[in-house]
Amino acid sequence: MSGVPAVVIAAPASGSGKTTLATGLIGALRRAGHRVAPFKVGPDYIDPGYHGLAAGRPGRNLDPVLVGAERVVSLYRHGAQGCDLAVVEGVMGLFDGRIDENHVAPIAEGSTAQVAGLLSAPVILVVDARGHSQSLAALLHGFATFDTAIRLGGVILNRVGSERHDQVLRAACDRVGLPVLGSLPRMAELEVPSRHLGLIPAVEHGPAATAAVEAMTDLVAAHVDLPTIARLAHSTTSAPAWDPATAIRETADAASAQSTAAASMDEAIAADVTRAHHWNAHAGNGPAGIAHVNVGDGACAADAVAERASPAMSAAARGSGVATADGLGPVIAMAGGPAFTFGYAEHRELLAAAGARVVVFDPMRDELPTGTAGLVLPGGFPEEHAAALAANDRLLAQVAEQAWAGLPVHAECAGLLYLTRSLDGHPMAGVVDAAAEFSPRLTLGYRDAVALADSVLWRAGERVRGHEFHRTRLVTTGTETPAWGWHLAGERISEGALRHRVHASYLHTHPAGNPSATRRFVVAATDYARTRASI
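Each residue is numbered by its place in its chain's sequence as written, counting from 1. Thresholds applied to this predicted model are a pLDDT of at least 70 for local features of residues and 80 or more for the giving and counting of side-chain atom pairs; totals over whole chains, interfaces and linings are not thresholded and use all residues. Computation of side-chain values covers all heavy atoms of the structure but excludes hydrogens and water.

1. Considerations on the overall build of the protein
Test applied: Here a helix means four or more residues in a row that DSSP labels H or I, a strand means two or more in a row labelled E, and each is numbered from the N terminus. Any two residues having at least one pair of non-hydrogen atoms within 4.5 Å are treated as being in contact. Under the convention used here, a 1.4 Å probe and the Shrake-Rupley method define accessible areas, while residue burial counts only the protein chains that appear.
Tallying secondary structure elements over the protein gives 18 helices and 22 strands in all. Intrachain contacts of the protein at a sequence separation of at least 6 include 77% that bridge at least 24 residues. A total accessible area of about 20900 Å² is found for the protein, and carbon and sulfur atoms account for 52% of it.

2. With respect to the packing of helix α1 (residues 18-31) against helix α2 (residues 47-55)
The condition is simple: A fitted line through C-alpha atoms represents every axis, and for helices the fit uses only the stretch in contact; the resulting angles, taken between N-to-C directions, go from 0 to 180 degrees. Each angle is binned into one of four classes, with values under 35 degrees roughly parallel, values over 145 roughly antiparallel, values of 65 to 115 roughly perpendicular, and all other values oblique. Crossings are sorted by hand: turned counterclockwise from the far helix by less than a right angle, the near helix makes the crossing left-handed, and turned clockwise it makes it right-handed. Charged means Asp, Glu, Lys or Arg here, nonpolar means Ala, Val, Leu, Ile, Met, Phe, Trp, Tyr, Cys or Pro, and polar covers whatever is left, Gly included.
Running from N to C, α1 and α2 point in directions that differ by 20°, and their axes come no closer than 8 Å. Here α1 is positioned roughly parallel relative to α2, judged by the angle of their axes. Remark: the crossing between α1 and α2 carries right-handed chirality. Contacts from T19, A22, T23, I26, G27 and R30 in α1 reach D47, Y50, H51, L53, A54 and A55 in α2. Within the contact of α1 with α2, the residues separate by chemical class into six nonpolar, four polar and two charged.

3. A word on the pairing of strand β13 (residues 372-377)
To keep things clear, this is the line we draw: Each residue's exposure class comes from its accessible area (1.4 Å probe, protein chains only) as a fraction of the maximum for that residue type: buried when under 20%, exposed when over 50%, partly exposed otherwise. The pairing criterion for strands is at least two bridges between them, as found by DSSP.
With six of its six residues buried, β13 lies for the most part within the structure. Direction of pairing for strand β11 (residues 331-335) relative to β13: parallel, over a ladder of four bridges. Each residue of the ladder has a partner; that of M334, found in β13, is V376. Relative to strand β14 (residues 409-412), β13 is paired through three bridges, and the arrangement is parallel. Looking at the pairing, L375 lines up with V409 of β14.

4. Overview of unusual backbone geometry
Here M92, not a glycine, exhibits a phi torsion of approximately 50°, which is positive. Of note, M92 is situated in the loop between β4 (85-89) and α5 (112-119). Classification of M92 by relative accessible area gives partly exposed; the value is 35%.

5. Overview of the sheet that holds β14
Strands sit in the order β12-β11-β13-β14-β22-β21 across an open sheet of six strands; the sheet is mixed. Of all the strands in the sheet, the pair left with one neighbour each is β12 (357-361) and β21 (497-499). Along the sheet, successive strands turn relative to each other by an average axial angle of 15°, direction set aside. Running over the sheet, helix α18 (residues 515-534) touches β11, β13 and β14 and is turned about 140° from β13.

6. A word on the nonpolar core
Here is the rule we go by: What we call a nonpolar core is a set of buried Ala, Val, Leu, Ile, Met, Phe, Trp, Tyr and Cys residues that are connected through their side-chain atoms within 4.5 Å.
Membership of the largest hydrophobic core comes to 152 residues, with the highest contact counts inside it found for Y418 and L419. Looking at this core element by element, the count peaks at seven residues for α18. Setting aside anything within four residues of it in sequence, one finds Y418 in contact with F340, P363, L377, L389, L395, L396, V399, M428 and A429.

7. Considerations on the pattern of salt bridges
Convention followed: By salt bridge we mean one thing: a side-chain nitrogen of Lys or Arg within 4 Å of a carboxyl oxygen of Asp or Glu.
Summed over the entire model, instances satisfying the criterion amount to 22 salt bridges. A salt bridge links R71 to E70; the shortest N-O distance between them is 3.5 Å. Overall, the relative accessible area of 58% leaves E70 in the exposed class. With its nearest N and O atoms 2.7 Å apart, the salt bridge here joins R130 to D128. Given a relative accessible area of 46%, R130 falls into the partly exposed group.

Structure representation (structure tokens):
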């Protein structure tokens, strides 16, 4: 089955200019009349923001580690619907991915090469030309032959120093039979400002981000062979497009089946639950104070998916027991604005498919939306906006009051920081008994986590793959039950905080890989809305 044709933008190493090239290519192809679907390999939240500006549609991620390799093609087909071409920006070097300590995986999990193989799409290698001459041929030969299942379609030379330099590099490419699809001169003024976690998100960078994307588009349009790249694009996929309503319905069906057989929990889950209780005992934390939410049964499918808000529930969702007193779905407030820029488009789609009305608000200036029955606090850079967040004391008081009253809260990374007592000395909501501060050490990497207790999202013992990405730390922490446990470098780690119906953690998860968690959250929000309406 042929899908929307794609090209994968890769490089020998990080820092070669993939984001500039990919963003400019998306913009240039769109300007040429193509409807371009933008994708990023891995868990990165920042690059897709620039891709979205260039494409005029949301940038999406393809991460085999977080969603499972079996979902990558379906998510690609979902995100590429309505387009005639896709550009997939890779991560790090072409063959770089999750490090396999046993060194048995032929292709690193989560690598650009793995995603290119899953999509059967050609790879365009972006080479930082600085310091390269004839020896470039040897480097290209190695990448072209390392795994013959990965097809190199051509090379784009980046940061070329002169016309003579360009001629020498083209001759090196010709020697190994790889066409040069573009040659870009050094343009330092195109560098997008960065900070401790990479590029400044497009939302924060504002008009400057738009201007940078326009400049990248101009550069690529002038120096890259767009018609050849469009002809090169290809993808052969067999999986159907991912559908959020189907994902929610299938989790509801599975929940119904599990409840029927609840008395005979299988040995694998039982072992995980036992391990979770042992982990809590080892950490000195028990399950006291945790509200165990009954998420109920039944399907929660929506007839349509809304990116930003669901104006009304579908008949299927109304019939599944998630309707509130007004006959509509619960209002899920999702933090946005400059401080909360990390998130996946599929999250809003799944919330809407589960029957929720998603309303985005800015914690730097807004109050909670009217009728809020659930709160999502995603990742971002609150440490850069701590003073402005602290100044909105009305919202901080609302969040604290409703969290203590049982409001379901899903907080990841930035959301965790917002819920602490203070962030770099600025007062926060005080829902989590901890103080947060900037750290000189970057915490980065995938985690194989196990839920340590029941929450509004997970059941004790459930296994989840997530990703940490932060340069802050918690100090003077309280006694909340930890949300997650995992092993890292031989050490047992307990992380996050559970209190009432609050799930707060540094760990980022991908909702498309865990749709049951989204469904449970929406049902918990419905329960909260009904309870508040009856008071």
